[in-house]
Amino acid sequence: MEGGITGLSTAYYLSKEGHENVVVLEKEYVGSGSTGRCAAGIREQHPDEPTIKMARESKKLWDEMAEDLGFEFRRTGYLYLLYSNEEVERYKKMKELQNSLGANTRILSPEEIKQISEYINVSDVKAGSYNPEDGQVHPFDAIHELRSYLNETDIEVEEWTEVENIKLNRRNKVVVTSDENYKTDIIVNATGGWAPKIGEMMNIDIPVEPHKHQAIITEPFERDSIKPMVISMKYNGAYLFQIDRDGGILAGAEPAEEIATYDQTGTLRFERRVSEALPKFVPAMKHLKILRHWAGFYAMTEDTNPLIGEYKIDGHYLVTGGSGHGYQLGPIVGKSLTELILEGGTDMPLDYYDPYRIERREYREPSVQPG
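Computed from a prediction, not measured in an experiment: that's the story for all the values here.

Draft legend 1. Seen up close, the packing of helix α1 (residues 5-16) against helix α2 (residues 49-69). In the contact formed by α1 and α2, the axes pass within 13 Å of each other and the chain directions differ by 70°. Classed by the angle they form, the pair α1 and α2 counts as roughly perpendicular. In this structure, α1 contributes I5, S9, Y12, Y13 and K16 to the contact, and α2 contributes L61, W62, M65, D68 and L69. Of the residues assigned to the contact of α1 with α2, the class counts are seven nonpolar, one polar and two charged.

Draft legend 2. Focus on the pattern of salt bridges. Under the definition given, this model contains 16 salt bridges. The shortest N-O distance in the salt bridge between K335 and E339 comes to 3.0 Å. Of this pair, K335 and E339 both sit in helix α8 (residues 330-343), four residues apart, roughly one helical turn. Counted as one network, the salt bridges with shared partners bring together E44, R56, K59 and D134.

Draft legend 3. Examining the environment of R75 more closely. For R75, the location among the structural elements is in the loop between α2 and β3 (78-82). Separated by 124 residues in sequence, R75 and G199 have C-alpha atoms that sit 37 Å apart. With residues near it in sequence (within four places) discarded, R75 still touches K59, D63, P132, E133, D134 and G135. Here D63 takes part through its side chain, which lies 2.3 Å from a polar atom of the side chain of R75. From its side chain, R75 meets the backbone oxygen of E133 in a polar contact 3.1 Å long.

Draft legend 4. Representation of the sheet that holds strand β18 (residues 316-320). With mixed pairing, three strands are arranged side by side in an open sheet as β11-β18-β17. Of all strands in the sheet, those bounded by a partner on one side alone are β11 (187-189) and β17 (307-310). Adjacent strand axes in the sheet meet at a mean angle of 15°, parallel and antiparallel pairs treated alike. Two strands pair when backbone bridges link them, and β17 and β18 are joined in this way by four bridges, in the antiparallel orientation. Its bridge partner being in β18, I308 is matched across the sheet by V319. The strands touched by α8 within the sheet are β11, β17 and β18, with β18 carrying the most contacts at an inclination of about 165°.

Draft legend 5. Structural context of the sheet that holds strand β9 (residues 173-177). On the basis of which strands lie adjacent, the open sheet formed by three strands has the order β8-β9-β10 and antiparallel pairing. Each edge of the open sheet carries a strand with a single partner, namely β8 (163-168) and β10 (181-184). Across the sheet, the mean angle separating the axes of adjacent strands is 20° when strand polarity is ignored. Pairing between β9 and β10: four bridges, direction antiparallel. By the bridge assignment, V176 is partnered in β10 with N181.

Draft legend 6. How the structure looks around α2. Here α2 spans 30 Å end to end across 21 residues, near enough to the 30 Å set by a 1.5 Å rise per residue. Among the residues of α2, P50, T51, I52, M54, A55, S58, K59, L61, W62, M65, A66 and L69 are the ones counted as buried. In this structure, the buried side of α2 is in contact with α1, β2 (41-42), α3 (85-100), β5 (127-131), α5 (139-151) and α8. After α2 finishes, the residue G70 shows a positive phi value of roughly 95°.

Draft legend 7. Inspection of a negative patch on the surface at higher detail. Where like charges cluster on the molecular surface, the negative patch consists of E28, D154, E156, E162, E164, D179 and E180. Note that E28 resides in the loop between β1 (23-25) and β2.

Calculation notes
- Residues numbered from 1 in each chain as written.
- Predicted model: local features only at pLDDT ≥ 70, side-chain atom pairs only at ≥ 80, totals over all residues.
- Heavy atoms only, no water.
- Axes fitted to C-alpha atoms, helices over the stretch in contact; angles between N-to-C directions.
- Helix = DSSP H or I, 4+ residues; strand = E, 2+ residues; numbered from the N terminus.
- Parallel < 35°, antiparallel > 145°, perpendicular 65-115°, else oblique.
- Contact = heavy atoms within 4.5 Å.
- Nonpolar A, V, L, I, M, F, W, Y, C, P; charged D, E, K, R; others polar.
- Salt bridge = Lys/Arg side-chain N within 4 Å of Asp/Glu carboxyl O.
- Polar contact = N/O pair within 3.5 Å; in protein donor to acceptor, adjacent residues only side chain to side chain.
- Pairing = 2+ DSSP bridges.
- Expected span 1.5 Å × (residues − 1).
- Buried < 20%, exposed > 50% of the residue type's maximum accessible area, 1.4 Å probe, protein only.
- Patch = residues over 30% accessible without salt bridge, like charges linked within 9 Å, V, L, I, M, F, W, Y side chains within 5 Å.
- Areas by Shrake-Rupley, 256 points an atom, 1.4 Å probe, with all protein chains shown as cover.
- Lys, Arg positive; Asp, Glu negative; His and termini not counted.
- Charge placed at Lys NZ, Arg CZ, Asp CG, Glu CD.

Put into structure tokens, the structure is as follows:
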């Protein structure tokens, strides 16, 4: 496992079940990969029943984990702005499915959207899809507290420890690092966009690609002026929300870069795209300066849904391909994977994310992007 939200959550739930003969190997520092570079969103607004169920359960676990470990889950809401009758009808159908499974999603009028934030431009908006119980958890708060918890257990979290090779023997597997060899029966490959590189060490192909995704933070804006995550698919799939600590705006735009790459260099092309898009639905954004700009990865699958399950080799559990929503599902994936490893099954619909579906060409419904 690596030191992102999925790997650390799995270690956390294994510990809760009394299994602490676990080693987490992180090639840099915990949170240095996709987790520490994500937009931190947690939502129930998904288009398919399995992912809605996973997301709802994950939100419950985020609450429990926040109370147990001492970080904050901010229920600031998620708001998708809708611009056409076709888009409104699509989100109404998703809202009905989400409601049937217990999610508190509702369709808002432009007037109701203005009541949420006067800064949102609704001149060309027909409606909004809004769930006030969605929100954010600062990724480094969660990672830091998980790391602190695991430090008090017998679980080893080895930072700056890169996996160099994996040797497959009849009786076990040997994970080779520069400092030590780890013999194990079980490998959890929770390495995001790097999962194919781990697969190569075992001579298996993993159908995931890393695609660059970039984001910015602006200078502080009027506090509490734009609380929810606001998304406009019409304008480059742009999204933004306000950081509670200083009032800055975290923002990005879709899609992730189309060409697979491990390059994490920010581009002027992205800054132009996001700078052109954001003022279209929040006009005040045109007056704000960009303070910081960074890039990370979406671990993308062909149908934009995760790959979760035992894969190709006995004891090799693959957890990758979040395609932009891996962070929000981290706790439930960690818990259900723990159940799968220890008990051979789980009540959660992991079959929907069966990694073998890609080679069978049984693609799932594409997830809602972004966030």
